[in-house]
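This is what each chain is made of:
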Amino acid sequence: MRLKRLRRILWEHIVAATPRTDLDVPIDEDVFHILGTVHLAALLAERRGIDREVATAAMLLHDIGRLVTGRVEGHAQASAELAQEVLTDSGFSPAEVEAICQAIETHVHKTESGTPLEELVRDADVLEVYLSGAPLPPVFITRVEGLRRELGLARG
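Structure report, in brief. It should be emphasised that the depicted structure is a prediction, and the values quoted were computed from it without experimental measurement.

## Some words on the packing of helix 2 (residues 27-48) against helix 7 (residues 116-132)
Viewed as axis vectors pointing N to C, helix 2 and helix 7 meet at an angle of 125°, and their least axial separation amounts to 8 Å. By the criterion of interaxial angle, the relationship of helix 2 to helix 7 is oblique. The handedness of the crossing between helix 2 and helix 7 comes out as right-handed. Contact residues: helix 2 offers Phe 32, His 33, Gly 36, Thr 37, Leu 40, Ala 41, Leu 44, Ala 45 and Arg 48, while helix 7 offers Glu 119, Leu 120, Asp 123, Ala 124, Asp 125, Leu 127, Glu 128, Val 129 and Leu 131. Of the residues in the contact of helix 2 with helix 7, the class split is 10 nonpolar, three polar and five charged.

Structure (structure tokens):
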């Protein structure tokens, strides 16, 4: 039930952002990216023994700040701030809210290490960009190589 509420809230933000033309990232790219990260996070959560619902919630909200503000700059902080209220209203515990918001706020720091949930959010974010075929920023390459090894993917 908690994720159903989160999906509804995310959809409302997508609908509100759709007519805007001042977005740093086109709405379709953001939507496909968010949806792609959700399934990758669920897979990584299963593999790593992390609560799948918590991981999914983090990915549903990790870029919501971009949808609301239209800007890439500062989106992680904006996403974490928006997520706090949404997660609380959706029934997540204070500890879950804190962990998810921390993972959202730090997901842009690809060269840093953090909690298992923070690492999962960074990894799902990078993996979606990689699998989408988009050019990888240099800072993503080390993470992608580690993920390929973890998932047993042949060099492609």
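There is more to say after this.
## So, the packing of aromatic side chains
Counted by the stated rule, this structure contains zero aromatic pairs. We note Arg 2 situated over the ring of Phe 92; from NZ or CZ to the ring centre the distance is 3.8 Å.

## Details of the layout of surface pockets
Which parts of space are left empty comes out when a probe the size of a water molecule is rolled across the atoms. Approximately 330 Å³ is the volume attributed to the largest pocket. Surrounding the largest pocket, 17 residues form its lining, His 33, Asp 63, Arg 66, Asp 125 and Val 129 being those nearest its centre. Those elements that place two or more of their residues in the lining of the largest pocket are helix 2 and helix 7. At five residues, the largest contribution of residues to the lining of the largest pocket is made by helix 2.

## Describing the nonpolar core
With 41 residues, the main nonpolar core has Leu 6, Leu 61, Leu 87, Phe 92, Ile 100 and Leu 117 as its most contacted residues. Mapped by element, the contributors of at least two residues to this core are helix 1 (2-17), helix 2, helix 3 (52-61), helix 4 (64-69), helix 5 (75-89), helix 6 (94-106) and helix 7. Ranked by residues supplied to this core, first place goes to helix 2 with eight residues. If near-sequence neighbours (up to four positions away) are discounted, Leu 117 is found in contact with Ile 50, Val 54, Ala 55, Ala 99, Ile 100 and Ala 103.

## Focus: helix 1
With 16 residues, helix 1 ought to run about 22 Å at 1.5 Å a step, and its terminal C-alpha atoms sit 23 Å apart, in line with that. All of the buried residues along helix 1 are Arg 2, Leu 3, Leu 6, Ile 9, Leu 10, Ile 14 and Ala 17. Along the long axis of helix 1, the arc covered by the buried residues comes to 145°, so they all point the same way. Exposed residues lying more than 90 degrees from the buried face of helix 1 are Lys 4 and Ala 16. Of the surrounding elements, those touching the buried residues of helix 1 are helix 2, helix 3, helix 4, helix 5 and helix 6.

## Examining the environment of Leu 35
Mapped onto the elements of the fold, Leu 35 is located in helix 2. On the accessibility criterion, Leu 35 (43% relative accessible area) is partly exposed. Between the C-alpha atoms of Leu 35 and Met 59, which are 24 residues apart in sequence, the distance is 8.2 Å.

Each value, and the rule that gives it
- Residues numbered from 1 in each chain as written.
- Predicted model: local features only at pLDDT ≥ 70, side-chain atom pairs only at ≥ 80, totals over all residues.
- Heavy atoms only, no water.
- Axes fitted to C-alpha atoms, helices over the stretch in contact; angles between N-to-C directions.
- Helix = DSSP H or I, 4+ residues; strand = E, 2+ residues; numbered from the N terminus.
- Parallel < 35°, antiparallel > 145°, perpendicular 65-115°, else oblique.
- Left-handed = near helix turned anticlockwise from the far one by under 90°.
- Contact = heavy atoms within 4.5 Å.
- Nonpolar A, V, L, I, M, F, W, Y, C, P; charged D, E, K, R; others polar.
- Phe/Tyr/Trp six-rings, centres within 6.5 Å; stacked < 30°, edge-to-face > 60°.
- Lys NZ or Arg CZ within 6 Å of the ring centre and 35° of its normal.
- 1 Å grid on protein atoms, 1.4 Å probe; cavity = no way out; pocket = protein on both sides within 12 Å on 5 of 7 lines; lining within 4 Å.
- Points joined across faces, edges and corners; volume = space filled by probe spheres on them.
- Core = buried A, V, L, I, M, F, W, Y, C linked by side-chain atoms within 4.5 Å.
- Buried < 20%, exposed > 50% of the residue type's maximum accessible area, 1.4 Å probe, protein only.
- Expected span 1.5 Å × (residues − 1).
- Arc of directions from axis to C-beta.

All quantities given are derived from atomic positions and should not be read as evidence of function.
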